[in-house]
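Okay, here's what each chain looks like letter by letter:
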Amino acid sequence: MPEGLEALLWGLLAGGALVMGAAVAWLVRVPARVIAMIMAFGAGVLISALSFELMDEAERTGGLLPTATGFLAGACAYVAANALLARYGARHRKRSGDQQPSEAEVQGSGAAIAVGALLDGVPESVVLGLSLVGGGKVGFAVLAAVFISNVPEGLSSAAGMKRAGRGARYVFGIWGGIALASGLAAMLGYLTMQSASPAVTAMIMGVAAGAILAMVADTMIPEAFERAHTLTGLIATIGFLAAFAVERLGE
């Protein structure tokens, strides 16, 4: 199978977890506390993956300076974009309660939420494509981390969309579109970085890692802590350890 197509399929698989989570939220009333606990676990998984699969690999590939530069740039870019989207009603896009505004309350909030979901998902998918550059294999620990974290993201956000009065066509249109965009981002990550230097590759991996960490801190952990409270830290720790074990066992 051509590696570009393989990257597309891995990205679609990871993005499909968002649709899976949204479907669960739409069909079943999942208690908010359970959603929060799953979200905390997913946050821990992502932090572990970006630490050992992204930052460590990036530094080994291209050095500390490009990695650190990309990391800070990714975090700054995400925070700036997130702050802009928050002004248009996307601040609580991952919340499962009544925090998400309806279109009547904040005009344009639906589009802002869609763009925000795209902003959250693209960095993860680009990394999946990067892992195939040079004839490599997709990073299983990163794939598992993205998939595991995407389920509660889709679940929590879709539950909030439903409570805000948005219909099934809107909800599944968003998550289906994000799943497709995730696949395309993974493929583009592979195609555009085949001839990149180690320093550029390290910087791009750092950008993705910084954006992911900022996303976890800004959107996932607040949702988890609001409902799971003092259990959030323990559950996130278990998620971190689970992802770390998967990464080490896969070596």
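Further up the page is the structure itself.
Residues numbered from 1 in each chain as written. Predicted model: local features only at pLDDT ≥ 70, side-chain atom pairs only at ≥ 80, totals over all residues. Heavy atoms only, no water.

Asks: Got a sec to walk through the overall build of the protein? Specific residues and values, please.
Replies: Each helix and strand in the protein was counted, giving eight helices and zero strands. Reading the helices (α) and strands (β) of the protein from amino to carboxyl end gives α-α-α-α-α-α-α-α. The buried share of the protein, reckoned over its 251 residues, is 48%. Taking contacts inside the protein between residues at least 6 apart in sequence as the whole, the part at least 24 apart equals 86%. (Helix = DSSP H or I, 4+ residues; strand = E, 2+ residues; numbered from the N terminus. Buried < 20%, exposed > 50% of the residue type's maximum accessible area, 1.4 Å probe, protein only. Contact = heavy atoms within 4.5 Å.)

Asks: Tell me about the nonpolar core, and please be specific about residues and values.
Replies: Core analysis: the biggest nonpolar cluster contains 38 residues, and Leu46, Leu54, Val216 and Met220 have the highest contact counts within it. Put simply, the parts of the chain that give this core at least two residues each are helix 1 (3-27), helix 2 (32-62), helix 4 (109-130), helix 5 (140-163), helix 6 (168-192), helix 7 (198-228) and helix 8 (231-249). Here this core gets 11 residues from one element, more than from any other, and that element is helix 7. Discounting residues that sit within four places of it in the chain, Val216 has contacts with Ala43, Leu46, Ile47, Ile221 and Pro222. Residues Ala22, Ile35, Ala158 and Ala159 belong to the second largest nonpolar core, which totals 15 residues. (Core = buried A, V, L, I, M, F, W, Y, C linked by side-chain atoms within 4.5 Å.)

Asks: Which residues make up the packing of aromatic side chains, and what values go with them?
Replies: Throughout the structure, instances matching the rule amount to three aromatic pairs. When the centroid spacing of 5.8 Å and the interplanar angle of 65° are considered together, the rings of Phe52 and Phe240 count as edge-to-face. You can see Phe52 sitting in helix 2 and its partner Phe240 sitting in helix 8, a full 188 residues away along the chain. Judged by its relative accessible area of 26%, Phe52 is partly exposed. Both rings, one in Phe52 and one in Phe244, keep their centres 4.9 Å apart while their planes meet at 50°; by these two values the pair is tilted. Taken together, the positions of Phe52 in helix 2 and Phe244 in helix 8 put the pair 192 residues apart, joining distant regions of the chain. Pairwise contacts between aromatic rings join Phe52, Phe240 and Phe244 into one cluster. In this arrangement the basic side chain of Lys162 is found over the ring face of Trp26, its NZ or CZ atom lying 5.0 Å from the centre. (Phe/Tyr/Trp six-rings, centres within 6.5 Å; stacked < 30°, edge-to-face > 60°. Lys NZ or Arg CZ within 6 Å of the ring centre and 35° of its normal.)

The values are spatial; any link to function lies outside them.
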